[in-house]
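Chain by chain, the residues run as shown.
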Amino acid sequence: MANIVAIVGRPNVGKSTLFNRLVEQRQAIMDNQPGVTRDRHYGYADWTDKYFTVIDTGGYVVGSDDVFEESIREQVQIAIDEASVVLFMVDAMSGLTDLDKDFANVLRRSKKPVFVVANKSETVMRQNSVGEFYALGLGDPYPISSLTGTGTGDLLDEVVKHFPTPGVEDPNAGIPRIAILGRPNVGKSSFLNVLIGEERSIVTDIAGTTRDSIDTRYKAFGKDFILTDTAGIRRKAKVKDNIEFYSVMRSLKALEESDVVLVMLDATRGLEAQDMNIIGQAVRAKKGVVLMVNKWDAIEKDSKTADQWKKEIVQRMAPIDYLPIVFASVLEKQRIFQVMEKVMEVYENKSKKIPTSKLNDAMQPEINAYPPPATKGKMIRIKYMIQLPTPSPTFVFFCNLPQYIKEPYSRYLENKLREHFGFDGVPITLFFRQK
Ligand SMILES: Nc1nc2c(ncn2[C@@H]2O[C@H](COP(=O)(O)OP(=O)(O)OP(=O)(O)O)[C@@H](O)[C@H]2O)c(=O)[nH]1
Ligand SMILES: Nc1nc2c(ncn2[C@@H]2O[C@H](COP(=O)(O)OP(=O)(O)OP(=O)(O)O)[C@@H](O)[C@H]2O)c(=O)[nH]1
């Protein structure tokens, strides 16, 4: 069980500022890896060797008056449901407000530990005035400044005492992160519903139901996974005027955050430019890709139809010919399990590490059988190769004249790597280095 700290409070008290301060250091490290997004509402933090996940619930309060009450309740509910500790932030500069009291009323019913955090307490005067927050009935207020860091150490010392375990650095390590992408109307929502049950389909105008609050892990068909289409990006109020742009951004973001992209195609429409676009983006971003041709129930077909589809896709995607294709019907629940199995398999392929000796034993004979063609009268010798410890398979070939290795030969090596080690669905990167 991961330690989770949720920051709640009315808008503008400084939740995001504290969030950033807590996750900043670790974020900087993790951001160096591709596939980790910047703008999000949860992050990993640590304090005195205890690891925890921080949720900034701020983005979830969408401030139109009639939904406000409701959204407070939801925001607080998320915190109470998910968190080990709740940081209830108030503003020492502006003092106690009615909205603070509304939050407190809900929080008092929680059984989780709640800390009243009086932010913006840079000055001694404000630190001395935090006594008024005792009126919230939630214990001692902790004066801090998210901006300068004052008081945050004392607060964290107390917070970590409530963690049942030391936690782990990244609680979701090793769990595949999946993005489900495709054109409008291809059946994404229907697929999600089949996958994770009807409750996910309840999408209210107030983004941020529990299910979406953090990177939620799901278990379906016996597989553990994370869906990367998160609520942080579903701020409807702000994007009303540009739905098109918004949905593109949303897909890009989900793609960027995922390990494997499941691209849904529509059997009744064939492979369209927009599909090619999504697949191209996923491949460029070095994501695992599975193609799911949906609505297979809805077309006329014979024994050859699937093969024709495959052939056409491979032709149009050339030279990308390694993407698994599953023909499925969400409506008739056909081959849904196979889709998920493929996704898991591609994830395994993407994470696979080939030991150097095995790699060289398999590849040297291939290189000897078909060595790189001599260029400008010079022999090109590949001496050995290694796989780098990167998130997607990357190989370095050490050779005497790396600049003379041309694209066709590189493709030959890639094909041989695939033949020997089976990287179905996963883009492979090759580098040639002087040795
Ligand atoms: N003086 C002072 N200002 C702060 C402090 N922390 C945050 N602020 C300022 O308060 C304003 C609101 O900060 P945010 O972190 O965006 O507040 P928030 O609670 O996340 O706001 P929402 O996203 O609207 O919920 C910003 O202008 C911050 O610079 C602090 O410790 N001291
Ligand atoms: N025949 C058939 N229809 C399907 C299948 N899957 C989904 N549909 C239908 O396709 C339509 C669109 O499905 P949605 O799940 O809303 O598609 P979506 O991709 O989420 O659409 P957007 O929300 O617009 O992006 C609905 O009428 C579904 O009933 C399928 O396997 N076979």
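Residues numbered from 1 in each chain as written. Chains lettered and ligands numbered in written order. Predicted model: local features only at pLDDT ≥ 70, side-chain atom pairs only at ≥ 80, totals over all residues. Heavy atoms only, no water.

Draft legend 1. Structural detail: the site of ligand 1. Taken together, 15 residues are adjacent to ligand 1, and Asn12, Lys15, Ser16, Thr17 and Glu122 come closest. Here an oxygen atom of ligand 1 sits 3.0 Å away from a polar atom, N or O, in the main chain of Gly14. Note that an oxygen atom of ligand 1 is positioned 3.1 Å from one of the side-chain N or O atoms of Ser145. Surface burial for ligand 1 is 70%, taken as the share of its 650 Å² of free accessible area covered by protein chains. No other element matches helix α1 (residues 15–30), which puts three residues into the shell around ligand 1. Among the residues forming the shell around ligand 1, the class breakdown is three nonpolar, eight polar and four charged. (Near = heavy atom within 4 Å. Polar contact = N/O pair within 3.5 Å; in protein donor to acceptor, adjacent residues only side chain to side chain. Areas by Shrake-Rupley, 256 points an atom, 1.4 Å probe, with all protein chains shown as cover. Helix = DSSP H or I, 4+ residues; strand = E, 2+ residues; numbered from the N terminus. Nonpolar A, V, L, I, M, F, W, Y, C, P; charged D, E, K, R; others polar.)

Draft legend 2. A look at the packing of aromatic side chains. Applying the stated criterion across every chain yields a total of twelve aromatic pairs. With a centroid separation of 6.3 Å and an interplanar angle of 80°, the aromatic rings of Trp296 and Trp309 are classed as edge-to-face. Here Trp309 lies in helix α11 (residues 305–317) and Trp296 lies in the loop between β11 (288–294) and α11, a separation of 13 residues in the sequence. The class for Trp309 is buried, based on a relative accessible area of 11%. Of the aromatic side chains, those joined through ring pairs into one cluster are Trp296, Trp309 and Phe327. Here Lys352 stacks its cationic end above the ring of Phe423, 5.1 Å away from the centre of that ring. (Phe/Tyr/Trp six-rings, centres within 6.5 Å; stacked < 30°, edge-to-face > 60°. Buried < 20%, exposed > 50% of the residue type's maximum accessible area, 1.4 Å probe, protein only. Lys NZ or Arg CZ within 6 Å of the ring centre and 35° of its normal.)

Draft legend 3. Highlighting the environment of Val339. Mapped onto the secondary structure, Val339 falls in helix α12 (residues 336–351). Take Val339: its relative accessible area is 0%, and that puts it in the buried class. Sequence spacing of Val339 and Val293 is 46 residues, and the spatial spacing of their C-alpha atoms is 10.0 Å. Dropping the residues within four chain positions of it, Val339 is found in contact with Phe191, Leu262, Met292, Val326 and Ala328. (Contact = heavy atoms within 4.5 Å.)

Draft legend 4. Here's a closer look at the nonpolar core. In this structure, Ile180, Phe191, Phe225, Met292, Phe397, Leu413 and Leu417 are the most contacted members of the largest nonpolar core, which totals 49 residues. For this core, the domains that each give at least three residues are domain 2 (177–351) and domain 3 (356–434). Those residues in contact with Phe397 that sit more than four places away from it in its chain are Met363, Ile382, Tyr384, Met385, Leu413, Leu417, Leu430, Phe431, Phe432 and Arg433. Among the nonpolar cores identified, the runner-up in size contains 26 residues, and Leu265, Val283, Ile313 and Phe327 belong to it. (Core = buried A, V, L, I, M, F, W, Y, C linked by side-chain atoms within 4.5 Å. Domains from an automatic or database assignment.)

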